[in-house]
Amino acid sequence: MPEIKLTNITKRYGNFYAVDNLDLDIEDNAFITLLGPSGCGKTTTLRMIAGLETPTSGRIMIGDRVVFDSDKGINVPPNKRKVGFLFQNYALWPNMTVYQNISFGLTNIKEKMPLIDIKASKLKAKIEALKHPKELKDILEESRNKDGKVDKEKVYLKLIDNYTMSMYSAKELYGLGVLEASDVSSAAKSKKDELEKELEAIVNEHRSKGEELGDESEIIRNGQVVTTIRSLSKEEVDLAVRRVSRIVKIGMFMNRYPAELSGGQQQRVAIARTLAPKPQVLFMDEPLSNLDAKLRLEMRYELQRLHLETGSTFVYVTHDQMEAMTLATKICLINNGVLQQYDAPLTVYNKPSNLFVADFVGNPSMNFVEARGVQGADGDLALDILGDHKAVFSPSDKLDLGRWFSERDAAKAKADADLELKKKDKKYVEKNNKDENFRYHISLVEEKEDYDDDPVITNEDFVIGIRPEFIELDDTDSAVEGEIYGVMPTGMESTIKIAVGNYLLTGVVFGSKLYKIGARHKITVGGDGILLFDRKSGRCITSGTLSLK
């Protein structure tokens, strides 16, 4: 499967930038989730890669092929990009059976492909099955109904599931009478010998023409596979349908109509239809959003298994961070059309690049606590937090805050200079949806009125980010006391709200202990994953430990 490379991709509607200067490398066989709030540009990004949307500028490569380049005027249409697209609405034809829905796109394919000897291919499949007489006998016995009669349709499906063959080949194999013979082993050997002679005759005929047959019965001439522009044969269409139906486990539903299927089964049909043409890349736009919570969880496991079995590159759009965390090899988090972070799920969770990422990923959300202080000679920061409380933040790695601020200011100056240079270009269109620092939320018992006043922020102003699992109730060793404000037990854990003065902290306590609202407990902050953010830029400075004084 190919890698996908986006370079300086921008999509603009007038002066609204849906995607702004996006650079993205999607590795071969990756499972990428495009994550972000509604309207952030994730679906637009997906549609641009698929060719359903034309970028305003930039370059897109799939494998070693340029499919879009604004400078060179290249724009390969969607049907030539060899990608599959699974929409939020499954878009199944209600008047077609499951089989017809899956095969519909295959019957319309007409392109350059290898020339196959279909008769030889069918013979190979039947010969392979006849090498396993015991399995054939078991298939027959497993296909009997309560009255002991053989259900032929069940036999056909089992043959298809056990061997790489079409329905046509399965029917022909059953018609040989081997499965119902008194001595299956002897009958299987006899028929196998006959079929091998037929196959040998076909091979010799090709050799007389200076041709050979490959492993997939493709015709080889002068060491090269013979190709021609053609449509798929009925045998090839059926093989493709049976292959994907086996992967998503819907072989028994081939004759049903979509209205006769559950939501999960319809989802599987849509996936099978997308996989049937063997796309290089599979794009999915919130495909699980129409399912109930339990089925959505089951389908996540199915998508994980599907990714491994197909070996395809998956690009998946979702606004559900749980889906992104559980499915992806990498998360691409976007806000206001701008890439915020592109990393493995646990990296995004434990080391968010800025306040927006920290707030968006994680359930319950991260606690944000404003702090003010300076760095001491030992590298630790003495902070004032939670009203009148003191704390010490100790960085995990060596930190020179003065240098960090200098690099921040230099990066800001360079970005401003680059923007001014862009503005001199006649083609430049000023961005209407301007990028602003993320406005994090401080949870309070009594919320204050927000008059949109911008406070004066200095290099002594920080934001401390504390994941709920790091909040600990410790009645023996802490100077900070809080009151249980709310409790939500779920069995193996409880989510609690703790009031410290007018500030509310969210904690997750594991175990089945019950907490009483109004009870007072001492609070500590554990772990070395406490995050220090620069309040001026919103960027994460470092992680470390926090000691409450």
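Predicted model, so just to flag it, every value in this text is computed and none were measured.

Draft legend 1. Seen up close, the UniProt feature "coiled-coil region" (unreviewed entry) in the protein chain. In the numbering used here, UniProt assigns the feature "coiled-coil region" (unreviewed entry) to residues 185-212. With 86% helix and 7% strand, the stretch residues 185-212 has end C-alpha atoms that lie 31 Å from each other.

Draft legend 2. How the structure looks around the UniProt feature "domain: ABC transporter" (unreviewed entry) in the protein chain. Sites flagged by UniProt as "domain: ABC transporter" (unreviewed entry) map to residues 4-361. For residues 4-361, the helix share is 42%, the strand share is 23%, and the end-to-end C-alpha distance is 25 Å.

Draft legend 3. View of the state of the cysteines. Under the definition given, this model contains zero disulfides. In this structure Cys40 is not part of a disulfide, and its nearest cysteine sulfur, from Cys332, lies 8.8 Å away. Of the residues examined, Cys40 reaches a relative accessible area of 2% and is grouped as buried. Note on Cys540: no disulfide assigned, nearest cysteine sulfur contributed by Cys332 at a separation of 19 Å. Taking the relative accessible area as the measure of exposure, Cys540 reaches 19% and is therefore buried.

Draft legend 4. Quick peek at the nonpolar core. Core analysis: the biggest nonpolar cluster contains 37 residues, and Val98, Ile102, Ile250, Ile271, Met284, Leu303 and Leu306 have the highest contact counts within it. Broken down by element, the residue count for this core peaks at six residues, all from helix 8 (residues 234-248). Within the second largest apolar cluster, 32 residues are counted, among which are Ala391, Leu399, Phe405 and Ile541.

Draft legend 5. Representation of the packing of aromatic side chains within the structure. Across all of its chains, the model carries 11 aromatic pairs by this definition. Aromatic side chains Phe85 and Phe283 sit 6.2 Å apart centroid to centroid with 50° between the ring planes, which places their arrangement in the tilted category. Placement of Phe85 in strand 7 (residues 83-86) and of Phe283 in strand 13 (residues 281-285) is noted, with a sequence separation of 198 residues between them. Relative accessible area serves as the criterion here: at 0%, Phe283 is assigned to the buried category. Among the aromatic residues, ring-to-ring pairing joins Phe31, Phe314 and Tyr316 into one connected group. Between Lys330 and the ring centre of Tyr342, over which it is positioned, the NZ or CZ distance is 4.7 Å. Above the plane of the ring of Tyr349 lies Arg467, whose end atom (NZ or CZ) is 4.0 Å from the centre.

Draft legend 6. Broad picture of the sheet that holds strand 11 (residues 224-225). Strand order in this open sheet of three strands is 9-10-11, and the pairing throughout is antiparallel. Since the sheet does not close on itself, it has two edges, and those belong to strand 9 (211-213) and strand 11, each with one partner. Bridge count for strand 9 against strand 10 (residues 219-221) is three bridges, and the pairing is antiparallel. Directly across from Glu212, in strand 10, lies its bridge partner Ile220. Across the sheet, helix 7 (residues 184-208) touches strand 9 and strand 10, and the angle it forms with strand 9 is around 150°.

Draft legend 7. Focus on unusual backbone geometry. For the peptide bond that leads from Asn363 to Pro364, omega is 5°, which places it in the cis range. The residue Asn222 is not glycine, and still its phi comes out positive at about 55°. In this fold, Asn222 is placed in the loop between strand 10 and strand 11.

Thresholds applied
Residues numbered from 1 in each chain as written. Predicted model: local features only at pLDDT ≥ 70, side-chain atom pairs only at ≥ 80, totals over all residues. Heavy atoms only, no water. UniProt positions renumbered as here; feature names shortened; annotations may be inferred. Helix = DSSP H or I, 4+ residues; strand = E, 2+ residues; numbered from the N terminus. Disulfide = S-S within 2.5 Å. Buried < 20%, exposed > 50% of the residue type's maximum accessible area, 1.4 Å probe, protein only. Core = buried A, V, L, I, M, F, W, Y, C linked by side-chain atoms within 4.5 Å. Phe/Tyr/Trp six-rings, centres within 6.5 Å; stacked < 30°, edge-to-face > 60°. Lys NZ or Arg CZ within 6 Å of the ring centre and 35° of its normal. Pairing = 2+ DSSP bridges. Contact = heavy atoms within 4.5 Å. Axes fitted to C-alpha atoms, helices over the stretch in contact; angles between N-to-C directions.

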